[in-house]
Amino acid sequence: MTSIGRVTIADVLAEHSRPLHIHEIASRLGLTEGAYEPLRRVLDDLCWDGSVVALPGQRFRLARAREERRTKEYEGSLNVNPRGFGFVAVLDLPDDVYVPSEAMAGALHGDTVAIRVVTTSRRGIEGEVVRVVKRKTTRVAGVLRKRGRSVWIEPDDSRLRGPIVLKSEPRTKLEDGLAAVATITRFPELPDENPEGVLEAVLGVPGDPNVEVAKVLVREAIEEAHPAEAIAEAEAYGDEVPHEALAGREDLTHLPLPTIDPEDARDHDDAVWAVRNEDGSYRTWIAIADVSHYVRPGTALDESAMTRGNSIYLPDRAIPMLPRALSSNLCSLLPNVTRLCLCVEVDLDPTGTVTHARIFEGFMRSRAALTYPSVARALGLAKHAVANPDAEAMREDLAVLWELSRLLRARRMRRGALDFDLPEAKVVLDVETGAPLDVEKRAHDPGVKKAYELIEELMLLANETVARELVTRNVPGIFRVHAPPNPERLERFITMCETLDVGFELEDASDPKKLSTFLKRIASHPQKQVLHSLLLRAMKQAVYDVNNGGHFGLASTAYLHFTSPIRRYPDLVVHRMMRALLQRERIDTSPEAEEKLRLAASTASDCERRGMDIEREVVDLYRALFMRSHIGEIYEGTVTAVVGTGLFVAIDNPFVDVLVRLDALGPDGYEVDETGLYVTGTRSGEQIKLGDTMLVQIEDVAVLRRSIYGRRVNAVDEEGVSEARPRKIRRTASTNGPEKRARGKVTKAEAKGRLTRGGTNGPKKAKTKTKKVVKTKKTRH
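Visitor: Run through the overall build of the protein, naming residues and quoting values.
Guide: When helices and strands are counted, the protein shows 18 helices and 38 strands. Taken over 781 residues, the protein has a buried fraction of 52%. Long-range pairs, those at least 24 residues apart, make up 68% of the contacts in the protein with a sequence separation of at least 6. Carbon and sulfur atoms provide 49% of the accessible area of the protein, an area that totals close to 35900 Å².

This is how it looks when you write it as structure tokens:
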């Protein structure tokens, strides 16, 4: 029998300008008289919520407002639930649009779709997919299945429609159950169709760390090896800078220009120096590796760099944008070797105000490769860091850099730059096997953090100086644009502020200075991390654009990326524009050149998002792999997110996120509040809110989904506090082993009947295996 769902009825009514009798509606739906009663109930619902108007004589028509809204199309990203339905976030509508499975058409999870609003129901605004605007992906990772002559892939992501039916494969050579990646060759057109594809790669046993990382890279079409032509072009430059390449450049070899980077830095593309004059003014030099000298437009090197967009940093390796001959040698500002650079020289008065700036081509010879900890130690900011002789010898000069950076930072904060404080992860690997030994929250040693800020302020100064130069001289370029937050996306944040009795006005969100003042005001609030996280989610993502739209988060009227051309393609483009200016070359401003620049900007934004997603997924993979040996253990954590299926609880040590499903919160039934800020027990009325402390027991790990699952300990039911019903913990050979107490772990005796904050960490056992510590995130302004 034909469906009598709300969407279908609305479709029938929308096809006619005149009202339809119930018999006519039933006829067009192919219903028999026995189905009239269910049809009447659905029509009553539609009339009650205002989607349909009832007229005398059992006639019905679509409400005028709904009819007008149905004619308009909206675009957004489709987020599919594993159960089949989905939601589309649309900026012009107050809520996400619910799309039932039968209204998906041929859309898949993550696709950008055009939708049309159909009705309003208890689920909110309902709509249907009109067409797919842009496919999110053409490759799908999963498990290869083979039954007789049929071969398919079961997607790892349960939100993707599957199975993916494979065509024209050598079936006799394929083995069932292996991890594989397929390229979709035919996308579905109807809701009940599945995609078809061809096999891209068979990688090995699912769950193996190397296989899982390879799966991510193949799925996202990331090639670790550079094209042979690009490698040949890079290696043709040799190992040293030839003397003739120095012609016409300023000699900066009299300046020490040390590089200052993290201990695990994989490239060194910036070096700094500063002097304080007798009148208290400053002059600083920010020297950046001149990658544009080697990577020329129209070459294989340039094509490869633009396709990659940026370097990708994984816990066990880096996938550089440029071949090693450049990224690790000629374009890396290594100590005591001559390197080409573009230099930003800035004069500032005693208050840190820029009085003069110039940009020029130069060559340099760095005196030392320093690290944040060694600089912090030399400046007396960190007592426990290991001393470095080079840093100690430069102590007085580093103090000038530190002094200047404080002035720059103070000026930036006063103008309204936002200062978020969110934790970063470190993955500790076994250097022999590559297995994760630990996942830690990066310790924010105040001194080391200040050494990082020293470099950050000078890089921001260089980026803004170059941006102002391009804008003043009306030269095209690729800018870094960050728009103000959308008011609709701030609703949850404002509700959270009201819940915590923290004053925040919506209009303050459009003024970076007021927003910066607010962040300072909550700096010591116990729920600061949750508030920062919610506010960051409400912010728009910074993008690359050929039009200068300013940078809201930095409170900057003109900003771009100039300081990392080894690892970011937009920086390389900006270097080319600056060199063309300096060499007085004609700047191509034709429509064709503008379109090419626009394509480079948009490609760079896409590549950046892809790289961030890959880095995040691989870290989550290592977190899941590490927690396989901790099933059954109890930890204290903080509720950081409320989703439709439950709560995410962040554990500090190990630094992982645990999903506690609604049915794992305890014997009471829990429902998610419409604000998405808390869940409520249906019988007890207990509320569990963002920022609450919770004890969780690790219950399961799904490596393929990169997920860790737990259950709440000491759950509250209608009779008071009691331990949640114990579940059988399934242990495998990989999870069994000598009992040990993890850092941050809570014993059952401690867990029973009480919650403790702090003081739960036992002494950490010394690990006998060699560690490799990898910082997994990079700041992206």
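There's plenty left to go through after this.
Visitor: So what's going on with the packing of helix α11 (residues 395–415) against helix α12 (residues 446–472)? Residues and values would help.
Guide: Each pair of packed helices can be summarised by the angle the axes make with each other and by the distance between the axes. Where α11 contacts α12, the two axes come as close as 8 Å, and the packing angle between them is 65°. In this view, α11 runs roughly perpendicular relative to α12, as classed from their interaxial angle. The way α11 lies across α12 gives a crossing that is left-handed. Contacts between α11 and α12 pair Leu398, Leu401, Trp402, Leu404, Ser405, Arg406, Leu408, Arg409, Arg412 and Arg415 from the former with Lys450, Glu453, Leu454, Glu456, Glu457, Leu458, Leu460, Leu461 and Glu464 from the latter.

Visitor: A description of the packing of aromatic side chains should follow, citing residues and the corresponding values.
Guide: Each aromatic ring pair is specified by the distance between its two centres and by the angle formed by the two planes. This structure, assessed with the given rule, holds six aromatic pairs. For the pair Phe85 and Phe87, a centre-to-centre distance of 6.0 Å together with 90° between the ring planes defines the contact as edge-to-face. Residue classification places Phe85 among the buried positions, given a relative accessible area of 18%. When the centroid spacing of 5.0 Å and the interplanar angle of 85° are considered together, the rings of Tyr237 and Tyr294 count as edge-to-face.

Visitor: Outline a positive patch on the surface, listing residues and values.
Guide: Taken together, Arg411, Arg414, Lys513 and Lys520 make up a surface patch of like positive charges. Going through the elements one at a time, α11 and α14 (512–521) are the ones with two or more residues in the positive patch. Relative to the helices and strands, Lys520 resides in helix α14.

Visitor: Tell me what's going on with the nonpolar core, and back it up with residues and numbers.
Guide: As a rule of thumb, nonpolar side chains are buried together in soluble globular proteins. Ranked by size, the top nonpolar core spans 93 residues in total, and within it Leu257, Leu326, Leu398, Leu458 and Leu470 carry the most contacts. Counting residues per element, this core draws most heavily on α12, at eleven residues. For Leu326, the contacting residues outside a window of four places in its chain are Ala234, Tyr237, Tyr294, Val295, Leu301, Cys331 and Ser332. Counting residues in each nonpolar core, the second largest holds 65 residues, with Leu217, Ile522, Phe552 and Val618 among its members.

Visitor: Hey, could you go over the state of the cysteines for me, with residue numbers and the actual values?
Guide: Tallied over the full model, the rule gives zero disulfides. Looking at Cys341, it has no disulfide partner, and the nearest cysteine sulfur is the one in Cys343, 5.7 Å off.

Visitor: Please give an account of the pairing of strand β4 (residues 73–80) that cites residues and values.
Guide: Bridge count for β4 against strand β5 (residues 86–88) is three bridges, and the pairing is antiparallel. Within β5, the residue paired with Asn79 across the bridge is Phe87. Taking the residues between adjacent antiparallel strands as the criterion, β4 and β5 are bridged by five residues, where Gly84 takes a positive phi near 115°.

Visitor: Outline the side chain of Arg579, supporting the account with residue identities and numerical values.
Guide: Looking at where Arg579 falls in the secondary structure, it is placed in helix α16 (residues 569–582). Aside from chain neighbours lying at most four places away, what touches Arg579 is Arg249, Asp290, Ser292, His293, Leu342 and Glu361.

Visitor: Can you explain the pattern of salt bridges? Please cite residues and give values.
Guide: With the rule as written, the count across this model stands at 46 salt bridges. Arg219 is the partner of Glu220 in a salt bridge, and the nearest nitrogen-oxygen pair spans 2.9 Å. Overall, Arg219 belongs to the buried group, its relative accessible area being 18%. Among the ionic pairs, Glu608 bridges to Arg480, the shortest N-O distance being 2.8 Å. One end of the pair, Glu608, is in helix α17 (residues 591–627); the other, Arg480, is in strand β25 (residues 479–481), with 128 residues separating them in the sequence. By relative accessible area, Glu608 is classed as buried at 7%. A single salt-bridge network, built from bridges that share partners, covers Asp156, Glu212, Lys215, Arg219, Glu220, Glu617 and Arg706.

Visitor: Summarise the environment of Leu534; cite the residues concerned and give the values.
Guide: Residue position: Leu534 is located in helix α15 (residues 528–538). Between the C-alpha atom of Leu534 and that of Leu690, which follows or precedes it by 156 residues, the distance is 9.8 Å.

Visitor: Residue-level account of the side chain of Ser556, with values.
Guide: Position of Ser556 among the secondary structure elements: in the loop between β26 (543–545) and α16. The class for Ser556 is buried, based on a relative accessible area of 7%. Within the local environment of Ser556, its side chain forms a polar contact with the side chain of Glu464, the two groups lying 2.6 Å apart. When neighbours within four sequence positions are excluded, Ser556 is seen to be in contact with Arg415, Glu464, Gly550 and His551.

Visitor: Can you tell me about unusual backbone geometry, naming the residues and giving the values?
Guide: The linkage connecting Gly162 with the following residue, Pro163, adopts the cis geometry, with an omega of 5°. Turning to its location among the elements, Pro163 is positioned in the loop between β10 (150–155) and β11 (164–166). The omega torsion of the bond from Asn653 to Pro654 falls at 5°, within 30 degrees of zero and hence cis. With respect to the secondary-structure elements, Pro654 resides in the loop between β28 (646–651) and β29 (656–661). Even without a glycine there, the phi angle at Asn336 is positive, about 65°. Here Asn336 shows up in the loop between α8 (324–330) and β20 (338–348). One non-glycine residue, Ala555, lies in positive phi territory at about 50°. Within the secondary structure layout, Ala555 lies in the loop between β26 and α16.

Visitor: Describe the sheet that holds strand β31 (residues 678–681), naming the residues involved and giving the relevant values.
Guide: Reading across from one edge, β30-β31-β32 is the order of the three strands in this open sheet, with antiparallel pairing throughout. If you trace the sheet from one side to the other, it starts and ends with β30 (670–672) and β32 (687–689), each paired once. Adjacent strand axes in the sheet meet at a mean angle of 25° when their direction is disregarded. For β30 and β31, the ladder comprises three bridges, and the chain directions are antiparallel. Bridge assignment links Tyr670 to a residue of β31, and that residue is Gly681.

Visitor: Could you give an account of the sheet that holds strand β21 (residues 354–365), naming the residues involved and the relevant values?
Guide: Strand order in this open sheet of five strands is β14-β21-β20-β17-β16, and the pairing throughout is mixed. Single-partner strands in this sheet number two, and they are β14 (250–251) and β16 (270–276). Across seven bridges, the pairing between β16 and strand β17 (residues 282–289) is antiparallel. Bridge assignment links Ala271 to a residue of β17, and that residue is Ala287. Relative to β16, α11 is tilted by about 90°, and along the sheet it contacts β16, β17 and β20. Along the sheet, α12 makes contact with β16, β17, β20 and β21, crossing β17 at roughly 85°.

Calculation criteria
Residues numbered from 1 in each chain as written. Predicted model: local features only at pLDDT ≥ 70, side-chain atom pairs only at ≥ 80, totals over all residues. Heavy atoms only, no water. Helix = DSSP H or I, 4+ residues; strand = E, 2+ residues; numbered from the N terminus. Buried < 20%, exposed > 50% of the residue type's maximum accessible area, 1.4 Å probe, protein only. Contact = heavy atoms within 4.5 Å. Areas by Shrake-Rupley, 256 points an atom, 1.4 Å probe, with all protein chains shown as cover. Axes fitted to C-alpha atoms, helices over the stretch in contact; angles between N-to-C directions. Parallel < 35°, antiparallel > 145°, perpendicular 65-115°, else oblique. Left-handed = near helix turned anticlockwise from the far one by under 90°. Phe/Tyr/Trp six-rings, centres within 6.5 Å; stacked < 30°, edge-to-face > 60°. Patch = residues over 30% accessible without salt bridge, like charges linked within 9 Å, V, L, I, M, F, W, Y side chains within 5 Å. Salt bridge = Lys/Arg side-chain N within 4 Å of Asp/Glu carboxyl O. Lys, Arg positive; Asp, Glu negative; His and termini not counted. Charge placed at Lys NZ, Arg CZ, Asp CG, Glu CD. Core = buried A, V, L, I, M, F, W, Y, C linked by side-chain atoms within 4.5 Å. Disulfide = S-S within 2.5 Å. Pairing = 2+ DSSP bridges. Polar contact = N/O pair within 3.5 Å; in protein donor to acceptor, adjacent residues only side chain to side chain.

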